[in-house]
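Survey of secondary and tertiary structure
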Amino acid sequence: MKPLIVVNFKVYTESTGKNAVSLAQMCEKVHREKKADIIVVPSLLDLQHVRSHVKIPVFSQHVDIQDQGAFTGHIPAALLHEHKLDGSLINHSEHPLPLQQIVLAVQQAKKHKLKAIVCAPTITMIREILLHCKPDYIAYEPPELIGGNISITDAEPDLIEEAAEACTVPLLCGAGIKKSSDVKKALELGCAGILVASGVIKASNPEKVLRELCVW
Ligand code: G3P
């Protein structure tokens, strides 16, 4: 399996509105040139616009457990599917859910043919999640390292290895990833890929950084 790079756009100025489309197009260009598997994860408000401009997988940053109906402000999996999106992040530490809702969100995603990447802040949480459901990927991201300058691969190599052993589905890791050596180390430690946000989005040259993250 080729390593996976998930670019979480969050809601940075540099990655929303018209910038969301140009960033996604840049990711698609790197995907073509480097033969890299890249998933883009734009803000909810930019999903449709991005979807209509790129062919690489587009995921939402969150999905709700409700079906379509009288649910104000919710994001049903059925609608994401209808808008030709490919999957969703679930339980990102900036949008955490109780365990029961994580399980139901994974069920909803599967029911509507969406891939599910479930984020987990700790190994204990990874084990708990996998006892109750089988997402397509687990993404291990210690919240205290997110958006910082210390890569998870430098700060917690032992925990990544432990997470890879605990994982019965492919493991991704993220937080503070900015350079090719971080990705190489993640793969060596047993990850199937990485998640990145600020390392690419806030870089002075996002395309150059993303190219460098494609280490294979
Ligand atoms: O979902 C990826 C994200 O939380 C990692 O953020 O800014 O540390 O790359 P960042």
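Just so you know, these numbers come straight off a predicted model, no measurement behind them. (Residues numbered from 1 in each chain as written. Predicted model: local features only at pLDDT ≥ 70, side-chain atom pairs only at ≥ 80, totals over all residues. Heavy atoms only, no water.)

This brings us to the overall build of the protein. Scanning the protein for helices and strands turns up 10 helices and 8 strands. In terms of overall size, the protein behaves like a compact globule, its C-alpha atoms giving a radius of gyration of 16 Å where 216 residues would be expected to give roughly 17 Å. C-alpha extents for the protein along the principal axes are approximately 45 × 40 × 30 Å. Counting all 216 residues of the protein, 52% fall into the buried class. (Helix = DSSP H or I, 4+ residues; strand = E, 2+ residues; numbered from the N terminus. Rg over C-alpha atoms; globule rule 2.2 N^0.38 Å. Buried < 20%, exposed > 50% of the residue type's maximum accessible area, 1.4 Å probe, protein only.)

In the vicinity of the ligand, the residues found are Asn 8, Lys 10, His 92, Glu 141, Ile 146, Gly 147, Ala 175, Gly 176, Leu 195, Val 196, Ala 197 and Ser 198. Between Asn 8 and the ligand, the recorded distance is 3.1 Å, taken from a side-chain N or O atom to an oxygen atom. Taking Lys 10, its side chain carries an N or O atom lying 3.0 Å from an oxygen atom of the ligand. Within the shell around the ligand, the residues separate by chemical class into 5 nonpolar, 5 polar and 2 charged. (Near = heavy atom within 4 Å. Polar contact = N/O pair within 3.5 Å; in protein donor to acceptor, adjacent residues only side chain to side chain. Nonpolar A, V, L, I, M, F, W, Y, C, P; charged D, E, K, R; others polar.)

Read from one edge of the open sheet, 8 strands run β2-β1-β8-β7-β6-β5-β4-β3, paired in parallel fashion. Only two strands of the sheet have a single partner each, and these edge strands are β2 (37-41) and β3 (59-60). Looking at chain direction, strand β5 (residues 115-120) and strand β6 (residues 137-140) are connected through 4 bridges and run parallel. Bridge pairing in β6 places Val 118 opposite Ile 138. (Pairing = 2+ DSSP bridges.)

Looking at the element boundaries, Arg 51 is found in helix α2 (residues 47-51). Those residues within four positions of Arg 51 in sequence are excluded, and the remaining contacts are Ile 56, Val 58, His 83, Lys 84, Leu 85 and Asp 86. (Contact = heavy atoms within 4.5 Å.)

Our next topic: the state of the cysteines. By the definition in use, this model includes 0 disulfides. Counting only cysteine sulfurs, Cys 173 is the nearest neighbor of Cys 119, a cysteine outside any disulfide, at a range of 12 Å. The thiol of Cys 133 is not disulfide-bonded; the next cysteine sulfur, from Cys 167, is found 11 Å away. (Disulfide = S-S within 2.5 Å.)

Let us now look at the pairing of β5. For β5, a buried count of 5 out of 6 residues is recorded, marking the element as mostly surrounded by other parts of the structure. The sheet contact formed by strand β4 (residues 87-90) and β5 spans 4 bridges and is parallel. Pairing of Ser 88 across the sheet is with Ala 116, part of β5. Viewed along the sheet, the connection from β5 through helix α5 (residues 123-132) into β6 turns out right-handed. (Right-handed = clockwise from strand over helix to strand, strands pointing away.)

Moving on: helix α7 (residues 157-166). For an α-helix, 3.6 residues make a turn, and residues three or four places apart therefore share a direction. Along α7, the positions that sit buried rather than exposed are Ile 160, Ala 163 and Ala 166. The buried side chains of α7 occupy one side of the element, clustering within an arc of 125° when seen end-on. Within α7, the exposed residues directed more than 90 degrees away from the buried face are Asp 158 and Glu 165. Those residues of α7 that are buried are in contact with α5, β6, α6 (152-155) and β7 (171-174). (Arc of directions from axis to C-beta.)

What follows deals with a negative patch on the surface. A contiguous patch of negative charge, built from Asp 158, Glu 161, Glu 162 and Glu 165, is present on the exposed surface. Tracing the sequence through the fold places Asp 158 in helix α7. Judged by relative accessible area, which is 58%, Asp 158 ranks as exposed. (Patch = residues over 30% accessible without salt bridge, like charges linked within 9 Å, V, L, I, M, F, W, Y side chains within 5 Å. Areas by Shrake-Rupley, 256 points an atom, 1.4 Å probe, with all protein chains shown as cover. Salt bridge = Lys/Arg side-chain N within 4 Å of Asp/Glu carboxyl O. Lys, Arg positive; Asp, Glu negative; His and termini not counted. Charge placed at Lys NZ, Arg CZ, Asp CG, Glu CD.)

Among the residues making up α5, those that are buried are Ile 123, Ile 126, Ile 129 and Leu 130. Projected onto a plane normal to the axis of α5, the buried residues spread over an arc of 120° and lie on a single side. For α5, the exposed residues lying more than 90 degrees away from the buried face are Thr 124 and Leu 131. Structurally, α5 contributes buried residues whose contacts are with α4 (99-111), β5, β6, α7 and β7.

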